[in-house]
Amino acid sequence: YYRQQQSGQSAARRRALSFVYGELLTFVDGDDFLESDHLYRMQELFTRNVQMVVTAYFEDFRRKAVAVKLPSGYTSDDIIPDKTLRSLLISGELKGFLCNKMFRSELFAECKLHNTFNFMEDVREIANILTRNEICASFQMVPTYHYRQRSGSSVNNCLLYTSPSPRDGATS
């Protein structure tokens, strides 16, 4: 565990990458939490020679947890090739966030997280990883990651939740 002065997500992730020495890597935001078997379920799928595992997750907003499923038509037994992963990312069926994924750490050898780009930089990095590497992935279908969005988060303050949604209990 390392602490640093608030400098943005990119700076924190870049610093964390400087400490990586293991074979596998995952990211957990400070306000998120994991089910007790999350890491075990994720690393278990790496025995099939994949470079990335993506898990289903919960979005916890205003004390309501909603399960976010992975793209339909796949099981945890499938190995998904890079072209399919890119297609799922482009279509929006696969979210580009770092938080619900585990990677082989060598995928981040050429990581380009910049201090000046702190808003959704993880989406850009996932796209870079998928375009510069021939990788395959597995999907862990049981939600074990809880993504919590604080009211003061960059996503909440900028683009995605500028107006009330039905999830918030608002009606049209």
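**Student:** Just give me the short version of the overall build of the protein chain, but keep the residues and values in it.
**Tutor:** Of regular secondary structure, the protein chain possesses five helices and seven strands. Counting only residues that meet the buried cut, the protein chain has 38% of its 172 residues in that class. For the protein chain, long-range pairs separated by at least 24 residues make up 75% of all intrachain contacts whose partners lie at least 6 apart in sequence. Carbon and sulfur atoms provide 52% of the accessible area of the protein chain, an area that totals close to 10100 Å².

**Student:** I'd like to hear about the pattern of salt bridges, residue by residue, with values.
**Tutor:** Scanning the entire structure with this criterion turns up three salt bridges. Between R104 and E23 there is a salt bridge, with the nearest N and O atoms lying 2.3 Å from each other. Placement of R104 in strand 6 (residues 101–104) and of E23 in the loop between helix 1 (9–17) and strand 1 (24–26) is noted, with a sequence separation of 81 residues between them. On the basis of relative accessibility, which here comes to 9%, the residue R104 falls in the buried class. A relative accessible area of 52% means that E23 is categorised as exposed. With a closest N to O distance of 3.5 Å, D82 and R86 form a salt bridge. Placement of the pair is D82 and R86 together in helix 3 (residues 82–91), with a separation of four residues, close to one helical turn.

Each value, and the rule that gives it
- Residues numbered from 1 in each chain as written.
- Predicted model: local features only at pLDDT ≥ 70, side-chain atom pairs only at ≥ 80, totals over all residues.
- Heavy atoms only, no water.
- Helix = DSSP H or I, 4+ residues; strand = E, 2+ residues; numbered from the N terminus.
- Buried < 20%, exposed > 50% of the residue type's maximum accessible area, 1.4 Å probe, protein only.
- Contact = heavy atoms within 4.5 Å.
- Areas by Shrake-Rupley, 256 points an atom, 1.4 Å probe, with all protein chains shown as cover.
- Salt bridge = Lys/Arg side-chain N within 4 Å of Asp/Glu carboxyl O.

Any link to function would need more than the numbers given here.
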